[in-house]
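Topology and contacts: notes
Below are the chains, spelled out letter by letter.
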Amino acid sequence: MNAHHQAHQAYAQINPGTRSERSIEYDLFARITKKLAANSKESAKNSVEFVSALHENRRLWTVLASAVAEDENMLPSNLRAQLFYLAEFTGQHTSKVLRKEASADILCEINLSIMQGLQSKATPV
């Protein structure tokens, strides 16, 4: 079972016959980013929902890192390296957020940038 399949299983009930991989990935990022942003307000920072959103985001990035590390991955090597770096950063920054040493804002910004790339026709599939 590859990382992409694990992401599908972990984050959505998807009909793969009607949606592109890019669309599915976009929706995963959108759903998690929405949860993260909605629960990152000061009043919700101690909530189970906030911690759950952080966990889902870290899990998504872990699966993504695994996918770009696979030899079969068709993305250009420089893009794979950049995504792997972002996955490492996301994991480290999430730990800081959980320790209340940092804000989750940058995690949302990173996800939004990825979503923009997924919508772009210039981004390789």
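Residues numbered from 1 in each chain as written. Predicted model: local features only at pLDDT ≥ 70, side-chain atom pairs only at ≥ 80, totals over all residues. Heavy atoms only, no water.

1. Observations concerning the nonpolar core
- Core analysis: the largest hydrophobic core is formed by 16 residues, its most contacted members being F29, L60, W61, L64, V68, L83 and I114.
- Breaking this core down by element, the ones donating at least two residues are helix 2 (21-39), helix 3 (48-69), helix 4 (77-98) and helix 5 (105-119).
- For this core, the element with the most residues is helix 3, which contributes five residues.
- What L83 contacts, discounting residues up to four positions off in sequence, is W61, L64, V68, L75 and I114. (Core = buried A, V, L, I, M, F, W, Y, C linked by side-chain atoms within 4.5 Å. Buried < 20%, exposed > 50% of the residue type's maximum accessible area, 1.4 Å probe, protein only. Helix = DSSP H or I, 4+ residues; strand = E, 2+ residues; numbered from the N terminus. Contact = heavy atoms within 4.5 Å.)

2. Section: the packing of helix 3 against helix 5
- Taken N-terminus to C-terminus, the directions of helix 3 and helix 5 make an angle of 45 degrees; their axes are 12 Å apart at the nearest point. With respect to each other, helix 3 and helix 5 are oriented oblique. Both helix 3 and helix 5 take part in a crossing whose hand is left-handed. Contacts between helix 3 and helix 5 pair L54, N57 and W61 from the former with L107, I110, N111 and I114 from the latter. (Axes fitted to C-alpha atoms, helices over the stretch in contact; angles between N-to-C directions. Parallel < 35°, antiparallel > 145°, perpendicular 65-115°, else oblique. Left-handed = near helix turned anticlockwise from the far one by under 90°.)

3. Here we look at the packing of aromatic side chains
- This structure, assessed with the given rule, holds one aromatic pair.
- Seen in terms of ring centroids, F29 and W61 are 5.6 Å apart; in terms of plane orientation they differ by 75 degrees. Their pairing is edge-to-face. Of the two residues, F29 is situated in helix 2 and W61 in helix 3; the sequence distance between them amounts to 32 residues. The exposure classification of F29 matches that of W61, with both residues buried. (Phe/Tyr/Trp six-rings, centres within 6.5 Å; stacked < 30°, edge-to-face > 60°.)

4. Quick word on helix 3
- Counted at 1.5 Å a residue, the expected span for helix 3 with its 22 residues is 32 Å, and the 31 Å between its end C-alpha atoms agrees.
- Restricting attention to buried positions, one finds in helix 3 the residues F50, A53, L54, E56, N57, L60, W61, V63, L64, A65, A67 and V68. (Expected span 1.5 Å × (residues − 1).)

5. Some details on unusual backbone geometry
- A positive phi angle, close to 65 degrees, is found at K100, a residue other than glycine.
- Secondary-structure assignment places K100 in the loop between helix 4 and helix 5.
- Residue class for K100 comes out exposed when judged on its relative accessible area of 59%.

6. Regarding helix 5
- Taking 1.5 Å per residue, 15 residues should reach 21 Å; helix 5 reaches 21 Å between its end C-alpha atoms and fits that length.
- Where helix 5 is concerned, the buried positions are L107, C108, I110, N111, I114, M115 and L118. For helix 5, the angular spread of the buried residues around the axis is 160 degrees, confining them to a single face. Of the exposed residues in helix 5, the ones pointing more than 90 degrees away from its buried face are Q116 and Q119.
- Against helix 2, helix 3 and helix 4 lie the buried residues of helix 5. (Arc of directions from axis to C-beta.)

7. Quick look at the environment of D27
- When you line up the elements, D27 lands in helix 2.
- Residue class for D27 comes out partly exposed when judged on its relative accessible area of 34%.
- Each C-alpha atom of the pair D27 and M115 lies 8.5 Å from the other, and the pair is 88 residues apart in sequence.

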